[in-house]
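Results of the structural survey
Residue strings, one per chain:
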Amino acid sequence: DYEVIERFVGFAFLRALPKTGRTHQIRLHLAHIRHPVLCDRLYGGRAVLTEAELIPRGQLGHDAAVAQTAANSPPLLERHGLHAHRLLVTHPTSGERMEFVAPLAADMERTLEALRKWRRR
């Protein structure tokens with residue numbers, strides 16, 4: 001199961017809720033519906049995303065500041081665009097339910113900021 005949190009032109013920020021812990025479950029299922037995880041070389045064909053790739057082609061030649069951004073564009077994301085925000089597990093010995101929560105990583109925050117800047121719907 002998944003839920004769209006935010007839509008962009010050509011991209012979407014999702015909340016995925018896997019049913020099992022099977023390897024590649026999220027990646028494979030999203031690729032199957034032709035919406036691969038960002039920077040997934042195996043299922044999506046790209047391993048890196050730069051800000052320059054998000055800039056609409058029509059803006060590159062008309063604005064010097066935009067052209068400068070594109071020219072100096074370091075990678076935004078160089079790994080799978082996946083983040084485990086919350087994990088719930090049962091401790092194997094005690095049986096206690098354990099919850100782990102983590103904020104979104106800085107590279108993913110930068111990617112979302114760039115998507116909001118260049119690919120806003």
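Conventions we followed
Residues numbered from 1 in each chain as written. Predicted model: local features only at pLDDT ≥ 70, side-chain atom pairs only at ≥ 80, totals over all residues. Heavy atoms only, no water. Salt bridge = Lys/Arg side-chain N within 4 Å of Asp/Glu carboxyl O. Helix = DSSP H or I, 4+ residues; strand = E, 2+ residues; numbered from the N terminus. Buried < 20%, exposed > 50% of the residue type's maximum accessible area, 1.4 Å probe, protein only. pLDDT = per-residue confidence, 0-100. Expected span 1.5 Å × (residues − 1). Arc of directions from axis to C-beta. Contact = heavy atoms within 4.5 Å.

**Description of the pattern of salt bridges**
Summed over all chains, the structure comprises nine salt bridges. Among the ionic pairs, Asp-40 bridges to Arg-27, the shortest N-O distance being 2.6 Å. Here the residue Asp-40 occupies a position in the loop between helix 1 (25–32) and helix 2 (41–44), and Arg-27 occupies one in helix 1, the gap between them amounting to 13 residues. Overall, Asp-40 belongs to the buried group, its relative accessible area being 0%. Connected through shared salt-bridge partners, Glu-6, Arg-116 and Arg-120 make up one network.

**Describing the confidence of the model for the protein**
In this model, the protein carries an average pLDDT of 90, and 94% of its residues clear a pLDDT of 70 or more. When mean pLDDT is taken per element in the protein, strand 6 (residues 97–101) scores highest with 97 and helix 4 (residues 64–71) scores lowest with 70.

**A look at helix 5 (residues 106–118)**
With 13 residues, helix 5 should cover 18 Å at 1.5 Å per step; its first-to-last C-alpha distance of 18 Å lies within 8% of that length. For helix 5, every residue scored as buried is listed here: Asp-107, Met-108, Thr-111, Leu-112, Ala-114, Leu-115 and Trp-118. Buried residues along helix 5 cover an arc of 160° about the axis, so they all sit on one side.

**Some thoughts on the side chain of Gln-25**
For Gln-25, the position within the fold is in helix 1. When its relative accessible area of 16% is taken as the criterion, Gln-25 is described as buried. Those residues in contact with Gln-25, other than ones at most four positions away along the chain, are Pro-18, Lys-19 and Thr-20.

**Side note on helix 1**
Two residues of an α-helix separated by three or four positions point the same way, owing to the 3.6 residues in each turn. Gln-25, Arg-27, Leu-30 and Ala-31 are the residues of helix 1 that are buried. Taken together, the buried residues of helix 1 touch strand 2 (11–16) and helix 2. Positioned one or two residues after helix 1, Arg-34 has a phi angle of 65°, which is positive.

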